[in-house]
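Reading the structure
Listed below are the residues making up each chain.
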Amino acid sequence: MYSSNLKGFILAVVSSAFIGSSFIIKKKGLRRAGVNGPRASVGGYGYLLEPLWWVGMITMIVGELANFVAYIYAPAVLVTPLGALSIIVSAVMAHFLLNEKLQRLGVVGCLLCIVGSTIIVLHAPQEQSIDSVLEIWDLATQPAFLLYTASVVAVTLVLTLYCAPRYGQTNILVYVGICSIIGSLTVMSIKAIGIAIELTFEGLNQAVYFQTWIFAMVAITCIVTQLNYLNMALDTFNTAVVSPIYYAMFTAFTIFASAIMFKVKVPAALHQELCGFLTILSGTAVLHSTREPDPPMLTDLYTPLSPKVSWYIQGNGEVWKQKDEDGSSPTFVTVLRQDYFK
């Protein structure tokens, strides 16, 4: 048991290092892609042609695979809290590689998110063991979890169709919320796929069941959605802020989804669970209030430079004036003939 837990611990630490590094590498790739075309934050997909972004993507995949294997060797109460190490890794790398600074209160908020998530995981109730894809399918199609799935889809549609176009550029909880909520369904689907792979290697082919392929399609859809909005969050907000908020919200929603699917009873340590959620909310509020937005990127030669100038048209359009933003007198006046506009 000690040897197995040690393997899980090492894999979880390695996973956190890779995942934390992937945030920074992908952010640098997004910045490079934003110079040559529309940024990911406004719906651009030029980062798909950026090699550095793919390096970050591969790094994240390696980290997630290591994390998946860690759950095989060690219990969740050991592996999941170690995911908070990715926050520290990304914050340190962002400080040196991206010049993203956190204020002192921001550091406190980061620590609050880590502490709150750890409290929730350590006091989360145990899940029942699953032995087949059909068994997890029965759990996924029970009324309570179907209601949760419908709620997730409804909230995601509201966030993507209404909130994202209006508040996505100013409120970090919109993009990160989409990733976290959808992520809870991703974990359930990945768990089913992992069981199918394990049983298939043992000689019980699970590919013959249509439920396996449904779980695979759900997982692919959720993962693509997560990656899209995670890129938008990274391209819009400070990485050192995105990472802890995403970790905290993803952990909370995943535990909530697991509790519904596996019909977990109310835990005896309910007050500790509530304390964990309140700690996460406090840390998220502190981080959001102290974040420093990235400076705007120059995407072409016509982007205005400081000091900014304003153009004024007076009368019938014959006189154009250029005036500095600080209110100083115009530097020159250009008179244009009215027939130029015909």
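How each quantity is defined
Residues numbered from 1 in each chain as written. Predicted model: local features only at pLDDT ≥ 70, side-chain atom pairs only at ≥ 80, totals over all residues. Heavy atoms only, no water. Helix = DSSP H or I, 4+ residues; strand = E, 2+ residues; numbered from the N terminus. Buried < 20%, exposed > 50% of the residue type's maximum accessible area, 1.4 Å probe, protein only. Contact = heavy atoms within 4.5 Å. Areas by Shrake-Rupley, 256 points an atom, 1.4 Å probe, with all protein chains shown as cover. Salt bridge = Lys/Arg side-chain N within 4 Å of Asp/Glu carboxyl O. pLDDT = per-residue confidence, 0-100. Phe/Tyr/Trp six-rings, centres within 6.5 Å; stacked < 30°, edge-to-face > 60°. Arc of directions from axis to C-beta. Core = buried A, V, L, I, M, F, W, Y, C linked by side-chain atoms within 4.5 Å. Axes fitted to C-alpha atoms, helices over the stretch in contact; angles between N-to-C directions. Parallel < 35°, antiparallel > 145°, perpendicular 65-115°, else oblique. Left-handed = near helix turned anticlockwise from the far one by under 90°. Nonpolar A, V, L, I, M, F, W, Y, C, P; charged D, E, K, R; others polar.

Turning our attention to the overall build of the protein. A tally of helices and strands in the protein yields 11 helices and three strands. Considering the protein as a whole, with its 342 residues, one finds that 42% of them fall into the buried category. Relative to all contacts within the protein whose residues are 6 or more apart in sequence, the contacts with residues 24 or more apart total 78%. Approximately 18600 Å² of the protein is accessible, and the part contributed by carbon and sulfur atoms is 69%.

Another aspect to go through is the pattern of salt bridges. This model, assessed by the stated rule, comprises one salt bridge. We note a salt bridge from Arg32 to Glu50, for which the minimum N-O separation is 3.9 Å. Placement of the pair is Arg32 in helix H1 (residues 2-35) and Glu50 in the loop between H1 and helix H2 (51-73), with a sequence separation of 18 residues.

Overall, the prediction assigns the protein a mean pLDDT of 74, with 72% of residues at 70 or greater. At the level of individual helices and strands, the protein shows its lowest average pLDDT in strand S3 (residues 333-335), which scores 43, and its highest in helix H7 (residues 143-167), which scores 93. Segment residues 296-315 is flagged for pLDDT under 50; beyond a separation of four residues in sequence, or across chains, it makes 29 contacts in the model. Every residue in residues 317-342 scores below 50 in pLDDT, and together they form 39 contacts with partners more than four places removed in sequence or on other chains.

The subject of this paragraph is the packing of aromatic side chains. Throughout the structure, instances matching the rule amount to eight aromatic pairs. Residues Trp137 and Phe215 carry aromatic rings whose centres are separated by 5.7 Å and whose planes lie at 80° to one another, so their mutual orientation is edge-to-face. Taken together, the residues span a long stretch of sequence, with Trp137 in helix H6 (residues 133-140) and Phe215 in helix H9 (residues 210-236) at a distance of 78 residues. Measuring from ring centre to ring centre gives 5.8 Å for Phe145 and Tyr148, while their planes differ by 35°; the resulting arrangement is tilted. Of this pair, Phe145 and Tyr148 are both found in helix H7, three residues apart, which corresponds to roughly one turn of the helix. One exposure class covers both Phe145 and Tyr148, and it is buried.

Here the focus is H6. Along H6, the positions that sit buried rather than exposed are Val133, Ile136, Leu139 and Ala140. An end-on view of H6 places all buried positions within 120° of arc, on one side of the element.

Take the nonpolar core next. Judged by nonpolar contacts, the single largest core of 50 residues is most densely connected at Phe145, Tyr175, Val176, Val242 and Met261. Secondary structure elements with two or more residues in this core: H1, H2, H6, H7, helix H8 (172-201), H9 and helix H10 (239-261). A total of 14 residues in this core trace back to one element, the largest contributor, which is H8. Leave out the neighbours within four places in its chain, and Val176 touches Ala233, Val242, Ile245, Tyr246 and Met249. Ala84, Ile87, Ile114 and Tyr247 belong to the second-largest nonpolar core, a separate cluster that totals five residues.

The next thing to look at is the packing of H7 against H8. One way to put it is that H7 packs onto H8 with a least axis distance of 9 Å and a crossing angle of 155°. Compared by their axis directions, H7 and H8 come out roughly antiparallel. Crossing of H7 against H8: the hand is left-handed. Note on element contacts: H8 touches H7 through Val174, Tyr175, Gly177, Ile178, Ile181, Ile182, Ser184, Leu185 and Met188, opposite Phe145, Tyr148, Thr149, Val152, Val155, Thr156, Leu159, Thr160, Cys163, Ala164 and Tyr167. Residue composition of the contact of H7 with H8, by class: 15 nonpolar, five polar and no charged.

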